[in-house]
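Single-letter residue listing:
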Amino acid sequence: MASCAVHGGCPSDYVAVAIAIFSMILLIVKSTFPFLIHKAPRAKGSTFWIPVIQVIASFNFLLSIVMSVNFLKYKKNHWWLSCYVWAVWIEGPLGFGLLMSCRIAQVFQLYYVFVKRRLPPLRSHIFLPLIILPWIAGAAFIHMQKPLNYRCHLGTYWIIPVVCLHTLYVAVLVGFAGAIRHIEFRFDELRDLWQGILVSASLIGIWVFAYILNEVHDDISWLQVASRFMLLITASILVLVFFSISIAQPLLSQISLRKREPLEFKTMGQALGIPDSGLLLQREQAVVIDPNEPLDKLLLNKNFRQSFIAFADSCLAGESVHFFEEVQELGKIPIGDPVRRIYMARHIINKYIIAGAAMEVNISHRIRHEILTTTDLTHPDLFTNALNELMQLMKMNLAKDYWSSIYFLKFREEINTRYNGHEMEQMTGYNFSPRLSSVRATDDPFHQDHFSRGSSQDIHDSYPQ
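Residues numbered from 1 in each chain as written. Predicted model: local features only at pLDDT ≥ 70, side-chain atom pairs only at ≥ 80, totals over all residues. Heavy atoms only, no water.

Let's talk about the packing of aromatic side chains
Our working rule: Here a pair means two rings of Phe, Tyr or Trp (six-membered ring of Trp) with centres within 6.5 Å. Their orientation is stacked below 30 degrees between planes, edge-to-face above 60, and tilted elsewhere. Placement of a charge over a ring requires the Lys NZ or Arg CZ to be within 6 Å of the ring centre, with the centre-to-atom vector within 35 degrees of the ring normal.
Enumeration over the complete set of coordinates arrives at 25 aromatic pairs. Across from the ring centre of Y84, 4.8 Å away, lies the NZ or CZ of K146, which sits over that ring.

Focus: the packing of helix α15 (residues 319–331) against helix α18 (residues 384–396)
Convention followed: Note on geometry: axes are lines fitted to C-alpha atoms, helical ones only across the stretch in contact, with angles between N-to-C directions running from 0 to 180 degrees. In DSSP terms, a helix is any run of H or I states spanning at least four residues, a strand is any run of E spanning at least two, and both are numbered starting from the N terminus. Any angle that falls under 35 degrees is termed roughly parallel, while one over 145 is termed roughly antiparallel, one within 65 to 115 roughly perpendicular, and all others oblique. Crossings are sorted by hand: turned counterclockwise from the far helix by less than a right angle, the near helix makes the crossing left-handed, and turned clockwise it makes it right-handed. Contacts were defined at the residue level, with two residues in contact if any of their heavy atoms lie within 4.5 Å. Ten residues, namely Ala, Val, Leu, Ile, Met, Phe, Trp, Tyr, Cys and Pro, are considered nonpolar, four, namely Asp, Glu, Lys and Arg, are considered charged, and the remaining ones, Gly among them, are considered polar.
Viewed as axis vectors pointing N to C, α15 and α18 meet at an angle of 140°, and their least axial separation amounts to 10 Å. For the element pair α15 / α18, the angle class is oblique. Here α15 and α18 pass one another in a crossing that is left-handed. Between α15 and α18, the residues in contact are S320, V321, F323, F324, V327 and Q328 and A386, L387, L390, M391 and M394, respectively. Each residue belonging to the contact of α15 with α18 can be placed in one class, and the counts come to nine nonpolar, two polar and no charged.

Considering a nonpolar patch on the surface
The condition is simple: Here the term patch refers to residues with relative accessible area over 30% and no salt bridge, with like charges joined within 9 Å and nonpolar side chains (Val, Leu, Ile, Met, Phe, Trp, Tyr) within 5 Å. Here, Shrake-Rupley sampling with a 1.4 Å probe gives the accessible areas, and only protein chains in the shown set may cover a residue. Just to be clear on terms, a salt bridge is a Lys or Arg side-chain nitrogen sitting within 4 Å of an Asp or Glu carboxyl oxygen.
Taken together, the side chains of L122, I126, L130, L133 and I136 define a hydrophobic patch exposed on the protein surface, amounting to about 380 Å² of accessible area. Elements with a minimum of two residues in the nonpolar patch: α6 (124–131) and α7 (133–145).

Topic: the side chain of T234
Spelled out, the test is: Here's how the labels work: a residue is buried when its accessible area is under 20% of the maximum for its type, exposed when over 50%, partly exposed in between, all with a 1.4 Å probe on protein chains only. Polar contacts, as used here, are pairs of N or O atoms within 3.5 Å; protein pairs need one atom able to donate a hydrogen and one able to accept it. Residues neighboring in sequence count only if both atoms are side-chain atoms.
Following the sequence through the fold, T234 ends up in helix α10 (residues 221–244). Look at T234 and you get buried, because its relative accessible area is 7%. Of the polar contacts made by the side chain of T234, one reaches the backbone oxygen of M230; its length is 2.7 Å. Dropping the residues within four chain positions of it, T234 is found in contact with L203, I206 and W207.

Some thoughts on the nonpolar core
Basically, it comes down to this: Take the buried Ala, Val, Leu, Ile, Met, Phe, Trp, Tyr and Cys residues and link them wherever side-chain atoms come within 4.5 Å; each set so joined is a nonpolar core.
Among the nonpolar cores identified, the biggest contains 116 residues, and F323 and F383 are the most heavily contacted of them. The element that contributes the greatest number of residues to this core is helix α5 (residues 92–115), accounting for 14 residues. In contact with F383, other than residues within four places in its own chain, are F323, V327, L330, A345, I348, I349, I353 and I371. M67, V85, W86 and I90 belong to the second-largest nonpolar core, a separate cluster that totals five residues.

Encoded structure:
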């Protein structure tokens, strides 16, 4: 016992290492599950790289404990095996410090978006390095002073500031969570956040207790073995719980993929419960479209809009019409419901406005800057100027080509068929349309979009012959 307590390799050490490896594998599976199983689109920007950094920080945290607390027998013949590399730099700035900083960056965004109702003044790629600076400064100071002994243990006087730094970041996280406690979140972010804080704080308390025992009582063999076993086990559970109870996906405008959600939502509008979001009526009144009417008025009709979107997508220019559709859904949310409006506005900004977005729209730099620096994400005219610019572009390009395309011809044939069927229903009183029965599903451009609820606006004009 005395030998393995000093040099490592006790049976309990190997058990703890095996549990740490298993927890890391489980963490990677959990982080990739939505993309591999649900085929969720990979997000861009901080939506993607903050969870990735969190996984990397978790790996560094566990590996640094294994390498610096003598779990395995190995000779420290190289500089990269020294105590200061693993116990100071990897465990601190690149491990626990980075893990907590990612979490603080997430709740910092929640605070600004839902309490201040504006985008954070600092982008995540700037904010994250700033809040990790104390860890870097502390690691550099310890490296210069070199207080570690041959077993990578600090002295008693050094343990106090190290523990205080760990506690400070937990306190900052709790402070931000308290500032947003009055917000009624749609996706239970606050509940998940508090669960994460309580569980994590409990585990961190146990981990700090084991850390102090391991650092101070290095002359008691059985206590060394037991404390480092507890140290690695609690760290393994901590990184797994810290990622599992995550606030990243709802905040960053992705639909919840958790098993407890009974329904699958294809659009943010459906997830937010916006009436008739993305749906078409299975049976509608006859709709007649006049190409001479303004395009923005024609696009209010869902049948016409779906046909126009299909044409625009075939031209690889559908982002403008999709943007129009989601802004219309935003307009259905009452002004008195700021939380849902913020969710939808944030979703639109992430998807269409920010540089490099999945469906970035072609708007001027001035308009883009106005949206990104707005002081009120719930303002009813937030996207009005962008919509006007895009409408002018669509009128000059897409609209002219659409009227002579096969998509409009199919749309007109569909409307004529339904118009004749509606007349037959009025005359016979039965739900029967002989022309509709001759249209095959593969020829119907809307056969995949007919649902049982929704509404449509009628435009009572005639086609030009």
